[in-house]
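# Examination of the molecular architecture
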Amino acid sequence: MNRPRRDSKWWGWGDPSNLPELDGEALATLRERVGQLSPSPRAVELEGFELPPPEPLPRALIEAVGEENVFAGLEDRVRHSTGCGYADLARLRSGHLDAAPDAVLLPPDADAVKRAVNLCATEGVAVVPFGGGTSVVGGVAPLRGEHARVVSLDLARLRGVEVDSRSLTATLGAGLRGPEAEAELAPHGLVLGHYPQSFEYATIGGFAATRSAGQASSGYGRFDALVSSVRLIAPAGDLRTLETPHTAAGPALRELVVGSEGAFGVIPDVTVRVRPAPRVRRYEAWIAESFEAGAEIVRALAQGPGLPDVIRVSDEEETEVSLALSGPRGVAGTLFGGYLGLRRRRGGCLIVVGLEGGEESVARRRALAVRALRRGGAAYLGQSAGRSWEHGRYQGPYLRDTLMEMGAMVETLETSHTWSRLGELHAAVGGAIRDSLDGQGTPGLVFCHLSHAYADGASLYFTFISRARRGKEVTQWREVKRAACEAIVAHGGTITHHHAVGRDHAPYMEAEIGQTGLDVLHAAKECLDPTGIMNPGKLLP
């Protein structure tokens, strides 16, 4: 790899050849619920994109990483200027950005990373660690803080792999993408099992830095639960935790590093727990009478035996929209509707259940899950609908590109709460989003699903779609996001369950951990990064 990756859209998500289209029925549903959309093509091609001129880097820094590993061309600067949130893509589609890194550094190994971090600390150059660039919360925004220059430190060449099959652990380089890591583990008969929606492009280092949660985290565990040990290259020196299953030696520094969003230093590699590759993968769908009924089924599973690896409950709105935008058509649709009718279902809420593992394990856990689902009044829809979800699990961001091209605003956000207050939070956040959209004259679709179940609660993942305010897309988005976050804080939920704390969530950190908690994090920042060069403006307000 002699230059930064360029295998995804510079203006959108992922594979440039993946451009999904909506059929007539889906378009009609969208117009009915959102109103008439006006096409919103990109303002310019890449060659016409406008960026601030780059500041020259210190010669010592260039020599530290090698001149051949420093890139200051237009395309590389554009690709390292934003993540992949709606506001990021809206800015890219406008044809100009107000901020960009002065250069992209592509260090060949961890030693070069260390030299770069040390030189940047000495020269006062801000450093933004960059993995897959999939952040949706401003985590890779090229903020300079108090520094005159900023570089994007691309970790794509850190791709080492060491597997300990006896201990079922693997040390993985930060630059490995999700599919690349799984491909390295496959010859050993192992999997990591971490599948966020960003799986195809997000990296191991990003999973650790953002405290990521995958779609199968109810079974495999969130990424922080998979981390056995971690290394941090900080301006003040290296920090490494022991590769051991547990230690009682004080507060866990591993937890300080995981989720630190690059604000303390650079994570060059992570040792993770892996497991044997599953022999069976069974995905199926059910439909519950209501969102409340579906949530109660998941609570019973989470608080008892048999919790599936994947368990998701769409609310009424998401179920209706999902079926309208990508559900069965024609004869298949008629049969599907008849099937629900026979079971006295009109509407209801879709439940996706996924089980992975050995044949005996899957059969036993499915029997427990089926018992809870039937006891909760859910009707079985079969494996076809479940497999459809599994095969399309990474398509959401691609559909967002299509909708943005049509003139829509499409965004997601997530939170979590205890079972006792989950319904309250669902109503409050959904209501706040609707009120904000209505108040801006752009009413739209607001829907949600429950996932990532625990014994004490679960995560809620909201999506909203409306007509974009042409020329004011970022302002419109900011108002909706603010209303949603204020509702979350007011009702005691977390500001984020699995999208990290980048620039967008940092203002709400005091509500999350209190002033004393902020003081502790600021003290850690001062200790590890005394000159404040590491990812300014992220994690800490």
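Residues numbered from 1 in each chain as written. Predicted model: local features only at pLDDT ≥ 70, side-chain atom pairs only at ≥ 80, totals over all residues. Heavy atoms only, no water.

## Let's talk about the pairing of strand S9 (residues 237-240)
Regular strands place side chains that alternate from one sheet face to the opposite one. Here is the rule: At least two DSSP bridges between two strands are needed for those strands to be called paired. Helix numbers and strand numbers start at the N terminus; a helix is a DSSP run of H or I with at least 4 residues, a strand a run of E with at least 2.
Sheet analysis places strand S8 (residues 227-234) next to S9, joined by four bridges and oriented antiparallel. Along S9, the bridge assignment pairs Arg 231 with Arg 240.

## Overview of empty space enclosed by the protein
The condition is simple: Whether a set of points on the 1 Å grid over the protein atoms alone is a cavity depends on a 1.4 Å probe fitting there but being unable to get out, while an open set qualifies as a pocket with protein on both sides within 12 Å along at least five of seven lines; lining residues are those with an atom within 4 Å of a point. Grid points are joined across faces, edges and corners, and a volume is the space filled by probe spheres set on the points. Each residue is assigned to one class: nonpolar for Ala, Val, Leu, Ile, Met, Phe, Trp, Tyr, Cys and Pro, charged for Asp, Glu, Lys and Arg, and polar for all the others, Gly among them.
Counted according to the given criterion, the structure contains four cavities of 30 Å³ or more. Considered as a void within the structure, the largest cavity measures approximately 340 Å³ in volume. Along its surface, the largest cavity is lined by 26 residues, and Ser 8, Arg 79, Phe 130, Gly 132 and Gly 133 are the ones closest to its centre. Elements represented by at least two residues in the lining of the largest cavity include exactly helix H3 (74-79) and helix H4 (86-94). Taken together, the residues that form the lining of the largest cavity break down as nine nonpolar, 10 polar and seven charged. By volume, the second largest cavity is sized at about 60 Å³. Every residue along the wall of the second largest cavity is listed here: Val 136, Val 137, Glu 411, Thr 412, Leu 413, Glu 414, Lys 481, His 499 and His 505.

## As for the sheet that holds strand S4 (residues 149-154)
What holds strands together in a sheet is hydrogen bonding between their backbones, with the strands either parallel or antiparallel. Threshold: Note on definitions: a residue-residue contact is assigned when non-hydrogen atoms from the two residues lie within 4.5 Å. Axis definition: a line fitted to C-alpha atoms, over the contacting stretch in the case of helices. Angles run 0 to 180 degrees between N-to-C directions.
Strand order across the open sheet formed by four strands is S1-S2-S4-S3, with mixed pairing between neighbours. Whereas interior strands pair on both sides, the edge strands pair on one side only; in this sheet they are strand S1 (70-71) and strand S3 (125-130). Across three bridges, the pairing between strand S2 (residues 103-105) and S4 is parallel. The partner of Val 104 across the bridge, within S4, is Ser 152. Contacting S2, S3 and S4, helix H5 (residues 110-123) runs over the sheet at an angle of about 170° to S4.

## Concerning the sheet that holds strand S10 (residues 269-273)
If you walk across this open sheet you meet the five strands as S5-S6-S10-S8-S9, and the pairing is antiparallel. Both outer strands of the open sheet, strand S5 (161-164) and S9, are each paired with one neighbouring strand and no more. Across the sheet, the axes of successive neighbouring strands diverge by a mean angle of 10°, strand direction being ignored. Relative to S10, strand S6 (residues 169-173) runs antiparallel, the two being bridged by five bridges.

## A word on the packing of aromatic side chains
For clarity, the threshold we go by: Stacked, tilted and edge-to-face are the three classes applied to pairs of Phe, Tyr and Trp rings, where Trp contributes its six-membered ring and a pair requires centres within 6.5 Å; stacked means planes under 30 degrees apart, edge-to-face means over 60, and tilted covers the rest. Buried means the residue's accessible area, taken with a 1.4 Å probe over protein chains only, is under 20% of the maximum for its type, while exposed means over 50%, and partly exposed covers the values in between.
On inspection of all chains with the given rule, the structure shows eight aromatic pairs. Relative to Phe 49, the ring of Trp 10 has its centre 5.6 Å away and its plane inclined at 85°; by these criteria the two rings are edge-to-face. Placement of Trp 10 in the segment before helix H1 (24-34) and of Phe 49 in the loop between H1 and helix H2 (59-65) is noted, with a sequence separation of 39 residues between them. For Phe 49, a relative accessible area of 6% translates into the label buried. The structure contains a cluster of three or more aromatic residues connected by ring pairs, namely Tyr 195, Phe 199, Tyr 220 and Tyr 394.

## Some points on the nonpolar core
Applied cut-off: Among buried residues, those of type Ala, Val, Leu, Ile, Met, Phe, Trp, Tyr and Cys that are joined through side-chain atoms within 4.5 Å constitute a nonpolar core.
The biggest cluster of nonpolar side chains holds 60 residues, and the ones touching the most others in it are Ile 351, Trp 419, Val 429, Ile 433 and Leu 450. Counting residues in hydrophobic clusters, the runner-up holds 38 residues, among them Leu 176, Val 272, Leu 528 and Leu 540.

## Here we look at unusual backbone geometry
For Glu 261, which is not a glycine, the phi torsion comes out positive at approximately 60°. Judged by relative accessible area, which is 6%, Glu 261 ranks as buried. Although it is not a glycine, Ala 500 sits at a positive phi angle of roughly 65°. Relative to the helices and strands, Ala 500 resides in the loop between helix H18 (473-490) and helix H19 (509-528). Looking at Ala 500, the relative accessible area reads 9%, which means it is buried.

## What to know about the environment of Val 446
Positionally, Val 446 belongs in strand S17 (residues 444-451). Relative accessible area serves as the criterion here: at 2%, Val 446 is assigned to the buried category. Sequence spacing of Val 446 and Ala 523 is 77 residues, and the spatial spacing of their C-alpha atoms is 40 Å. For Val 446, the residues in contact, after removing those within four places along its chain, are Glu 317, Gly 430, Ile 433, Arg 434, Leu 437, Thr 463 and Phe 464.

## Considering H18
Where we set the bar: Under the convention used throughout, the expected extent of a helix is 1.5 Å for every residue step, that is, one less than its residue count.
Between its terminal C-alpha atoms H18 stretches 26 Å, which fits the 26 Å expected from 18 residues at 1.5 Å a residue. Among the residues making up H18, those that are buried are Glu 473, Val 474, Gln 476, Trp 477, Val 480, Lys 481, Ala 483, Ala 484, Cys 485, Ala 487 and Ile 488. If you follow the buried residues of H18, they end up packed against H4, strand S16 (408-418), helix H17 (419-439) and strand S18 (457-467). Looking one or two residues past H18, Gly 492 carries a phi angle of roughly 80°, positive in sign.

## Side note on the confidence of the model for the protein chain
For clarity, the cut-off: Within a predicted model, pLDDT stands for the predictor's per-residue confidence, ranging from 0 to 100.
Averaged over all residues, the pLDDT of the protein chain equals 94, while 96% of them reach at least 70. Low pLDDT (under 50) marks residues 329-336, which in the prediction has nine contacts with non-local residues, meaning those over four places away or in another chain.

## A word on H4
Three- or four-residue spacings in an α-helix give side chains the same orientation, since the helix completes a turn every 3.6 residues. Within H4, seven of the nine residues are buried, leaving the element largely enclosed by the surrounding structure. When we look at burial in H4, the residues that qualify are Tyr 86, Ala 87, Asp 88, Leu 89, Ala 90, Leu 92 and Arg 93. After H4 finishes, the residue Gly 95 shows a positive phi value of roughly 95°.

## Digging into the side chain of Ser 8
Mapped onto the secondary structure, Ser 8 falls in the segment before H1. Take Ser 8: its relative accessible area is 18%, and that puts it in the buried class. Ignoring any residue separated from it by four or fewer positions in sequence, one finds Ser 8 in contact with Gly 14, Pro 16, Arg 79 and Tyr 201.

## Brief notes about the pattern of salt bridges
Pairs may arise between side chains of opposite charge once their charged atoms sit close together. The condition that has to hold: Only one rule defines a salt bridge in this text: a Lys or Arg side-chain nitrogen within 4 Å of an Asp or Glu carboxyl oxygen.
Within this structure, the stated rule accounts for 32 salt bridges. For Asp 238, the salt bridge is made with Lys 114, and the minimal N-O distance between the two is 3.6 Å. Here Asp 238 is found in strand S9, whereas its partner Lys 114 is found in helix H5, with 124 residues between them in sequence. The exposure class of Asp 238 is partly exposed, given its relative accessible area of 42%. Under the relative-accessibility criterion, Lys 114 is labelled partly exposed at 34%. A salt bridge links Arg 365 to Asp 309; the shortest N-O distance between them is 3.2 Å. Linking Arg 365 in helix H14 (residues 359-375) with Asp 309 in the loop between helix H11 (291-302) and strand S13 (310-314), this pair joins segments that are 56 residues apart in sequence. Across the pair, exposure class does not vary: Arg 365 and Asp 309 are buried alike. Counted as one network, the salt bridges with shared partners bring together Arg 211, Arg 222, Asp 224, Arg 254 and Glu 255.

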